[in-house]
Amino acid sequence: MAETGIKLNLSSSARRTALLGAMFLMATSAIGPGFITQTTVFTAQIGASFAFAILASILIDIAVQMNVWRVIGVSGLRAQELGNKVLPGIGWFLAGLVFLGGMVFNIGNIAGTGLGVNAMMGVDPKIGGLVSAVVAILIFVSKKAGMALDRIVVLLGAVMILLMIYVAIVAAPPLGEALKNTFLPETVDFLIITTLVGGTVGGYITYAGAHRMLDSGATGVRHVKEITRSSVLGIMVTGLMRVLLFLAILGVVAGGTVLSSNNMAAEAFGAAAGEIGLRMFGVVLWAAAITSVIGAAFTSVSFITSSRTSERKRNLITVAFIAVCAVIYAFLGQAPQQLLIFAGAFNGLILPVGFGVLLWVAWRRRDLMHGYAYPKWLLLVGVATWLITLFLGWNSVMGLAKLWS
């Protein structure tokens, strides 16, 4: 079976921990500095109507992740391995896009950790970013790197949610207005919805949790229920964080505060909870950025290795990946804007290409699915969602064309 090379000797409790880690790795990889900035800016732009965009993006994200996790989980193969079995070479093309995009975004993520440390303690952002990169490296050099990764992302995910609950309560948002606009929005902006989808299931984020799940041993037809539950819960964690952040910003904006600084999120936290709010913003930003550093590194490396690669070798490559990103950050201070635009375009291409391959496996390659009869309803939902990802990809390519012109 294709499960050869995947660790199957885990105890049930260790497998549950690994699955929980996979779920939070997916969620926290999506919750990065860009996630915080997008949510703040869009809430300031369209107010309570942003609730509808959140709901629409969550439904699309669930459709993507349920299919991605199920195909990868049942087959026991990584996305690039499945791609090469469908059409030789397309898996490596996908791996190249993920790896390059992941490296560029990780420079930005390290910059985000520096800004978080600065907001928390006033430390120079460059020093904070480099120290944070060392923290991420230490996770992968530990003897029990897998367990450390799972526990760190779960802990930091919980810390972010708890802090956001506090800020959302203090901000006192108009809950009735938010609830009404969730289903009957005053403004519908499809560009905002597609941007949210790209930010939560685009690029490496799509595969972060699913590839980590393979290490848990919860693969094959007999684990379908666990796979499905974990994929949906991961998106719900991301959605919960988005909703809490939205409510916090909405409370500030509805209270009459005009967000106009270069760091609108920090301004909103300060307006909601004063000095302690600014420190909390630093903790949330640092936690969001460091978990994205970990998720980007883990997932990018999982695309250039295979299930037969030893854990030690994979961890050493991951350490090298983070170190290279940190060195580039040390010289540049941030990821160059044009590189981020290119990486964003890569992300737009990764989703329709990779998702299309997985849907083809679900539809036509039952041999790779160990004879599993893929649910037709899930496949149809997946195809409908894939059409949306084509639109996302087209927008990315057009954005790249404008950059060239």
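Located above this text is the structure these notes cover.
What this report covers is the structure whose coordinates are included nearby. Everything numeric here is computed off the predicted structure, so don't read it as measured data.

## Points about the environment of G251
- Positionally, G251 belongs in helix α11 (residues 224-254).
- Spatially, the C-alpha atoms of G251 and L175 are 8.9 Å apart, while their sequence positions differ by 76 residues.
- For G251, the contacting residues outside a window of four places in its chain are A171, A172, P173 and P174.

## Here we look at the packing of aromatic side chains
- Overall, the coordinates contain 7 aromatic pairs when judged by the stated rule.
- With centroids separated by 6.0 Å and ring planes inclined at 55°, the aromatic side chains of F42 and F50 adopt a geometry described as tilted.
- An aromatic cluster of at least three residues, connected via ring pairs, comprises F42, F50 and F246.
- Over the face of the ring belonging to W363 we find R364, whose NZ or CZ atom lies 5.2 Å from the ring centre.

## Considerations on helix α12 (residues 264-302)
- With 39 residues, α12 ought to run about 57 Å at 1.5 Å a step, yet its terminal C-alpha atoms sit only 35 Å apart, falling short of that.
- In the structure, α12 departs most strongly from a straight axis at A273, where the bend amounts to approximately 140°.
- Burial analysis of α12 places 31 of its 39 residues in the buried class, the great majority of the element.

## Observations regarding the nonpolar core
- Core analysis: the biggest nonpolar cluster contains 126 residues, and I36, F50, V68, I72 and Y207 have the highest contact counts within it.
- Residue contributions to this core peak at 20 residues, all from α12.
- Among all residues touching V68, those that are not within four sequence positions of it are T206, Y207, A210, F355 and L358.

## Structural notes on unusual backbone geometry
- With a phi close to 50°, A172 is a non-glycine residue in the positive phi region.
- Following the sequence through the fold, A172 ends up in the loop between α7 (145-171) and α8 (175-183).
- A positive phi angle, close to 60°, is found at H370, a residue other than glycine.
- Along the chain, H370 falls in the loop between α14 (337-364) and α15 (376-404).

## Observations concerning the pattern of salt bridges
- Using the criterion set out here, one finds 5 salt bridges in the structure.
- Where R212 meets D150, a salt bridge forms, and the shortest distance between an N and an O atom there is 2.8 Å. Note that R212 is positioned in helix α10 (residues 205-216) and D150 in helix α7, a separation of 62 residues in sequence.
- Its salt-bridge partner being R365, residue D367 comes within 2.9 Å of it at the nearest N-O pair.
- What makes D367 exposed here is its relative accessible area of 52%.
- Overall, the relative accessible area of 21% leaves R365 in the partly exposed class.

## Topic: the packing of α7 against α11
- With their axes 8 Å apart at the nearest point, α7 and α11 run at an angle of 30° to one another. Classified by the angle their axes make, α7 and α11 are roughly parallel. Regarding α7 and α11, the two cross each other, and that crossing is left-handed. Across the interface between the two elements, M160, I161, M164, I165, V167, A168 and A171 from α7 touch V237, L240, M241, L244, L245, L247, A248, G251 and V252 from α11.
- Each residue belonging to the contact of α7 with α11 can be placed in one class, and the counts come to 15 nonpolar, 1 polar and no charged.

The rules we used
Residues numbered from 1 in each chain as written. Predicted model: local features only at pLDDT ≥ 70, side-chain atom pairs only at ≥ 80, totals over all residues. Heavy atoms only, no water. Helix = DSSP H or I, 4+ residues; strand = E, 2+ residues; numbered from the N terminus. Contact = heavy atoms within 4.5 Å. Phe/Tyr/Trp six-rings, centres within 6.5 Å; stacked < 30°, edge-to-face > 60°. Lys NZ or Arg CZ within 6 Å of the ring centre and 35° of its normal. Expected span 1.5 Å × (residues − 1). Bend = angle between axes of the 7 residues up to and from the residue. Buried < 20%, exposed > 50% of the residue type's maximum accessible area, 1.4 Å probe, protein only. Core = buried A, V, L, I, M, F, W, Y, C linked by side-chain atoms within 4.5 Å. Salt bridge = Lys/Arg side-chain N within 4 Å of Asp/Glu carboxyl O. Axes fitted to C-alpha atoms, helices over the stretch in contact; angles between N-to-C directions. Parallel < 35°, antiparallel > 145°, perpendicular 65-115°, else oblique. Left-handed = near helix turned anticlockwise from the far one by under 90°. Nonpolar A, V, L, I, M, F, W, Y, C, P; charged D, E, K, R; others polar.

Geometry only, nothing functional implied.
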